[in-house]
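Each chain, letter by letter, is given below.
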Amino acid sequence: DALGMLGHSDTDDVFTRSQSELVAMIKIALGGQAAEEIFFGEVSTGPASDLSYATTVASQMIGACGMGESLISLQAVAGSQLSDTNLVGRVLGDPTTRAEVDELLNREKAATVELLAANRHLVEALRDALLERQELIGHEILDVLEQASRDHEASGRTVDLTTPRASI
């Protein structure tokens, strides 16, 4: 009934994330929009909440975690007179950090489009399995990807199974 939903969670409590983990989370969030662009030639309103999530993560990276050009934390102004909006609002309200967030999101979307296009056979296999079964959980996803990789190799094409697994 959700018209498509991706759910993922950590098996253990996580208190910190590396920059590469945060970038991977952004790519996952942008995956729906990238897939729409590849398969339909345009995007819909469907991935809007995913884009909001990606924007929040990117804003936290740039504005609070020192993962941008500046080490100034815009989170440090919480509770002061400068704090008239939330962190995302402060980051996006500043022209410099807004440009950094925009560049990060556009760079990672381009990388996600490239990844999905290069592994179209895996995306199509997941699509077909979802149409048949309605949902895929845990090992079922990996089973579909492994079978699609074997089929792809058997057709004479080579595939690196580690890249899609780590990125999807």
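Residues numbered from 1 in each chain as written. Predicted model: local features only at pLDDT ≥ 70, side-chain atom pairs only at ≥ 80, totals over all residues. Heavy atoms only, no water.

1. A look at the pattern of salt bridges
Taken as a whole and judged by the stated rule, the model has 6 salt bridges. Residue Glu103 pairs with Arg107 through a salt bridge whose shortest N-O separation is 2.8 Å. Placement of the pair is Glu103 and Arg107 together in helix H4 (residues 95-118), with a separation of 4 residues, close to one helical turn. Residue Glu103 is classed as partly exposed on the basis of its relative accessible area of 44%. Residue Arg107 is classed as partly exposed on the basis of its relative accessible area, which comes to 42%. A salt bridge links Glu108 to Arg107; its shortest N-O distance comes to 3.2 Å. The network of salt bridges with shared partners includes Lys27, Glu103, Arg107 and Glu108. (Salt bridge = Lys/Arg side-chain N within 4 Å of Asp/Glu carboxyl O. Helix = DSSP H or I, 4+ residues; strand = E, 2+ residues; numbered from the N terminus. Buried < 20%, exposed > 50% of the residue type's maximum accessible area, 1.4 Å probe, protein only.)

2. Quick look at the confidence of the model for the protein chain
Here the protein chain averages 86 in pLDDT, and 80% of its residues register 70 or above. In the model of the protein chain, helix H7 (residues 162-167) stands out as the element of lowest mean pLDDT, 43, in contrast to H4, which has the highest, 97. (pLDDT = per-residue confidence, 0-100.)

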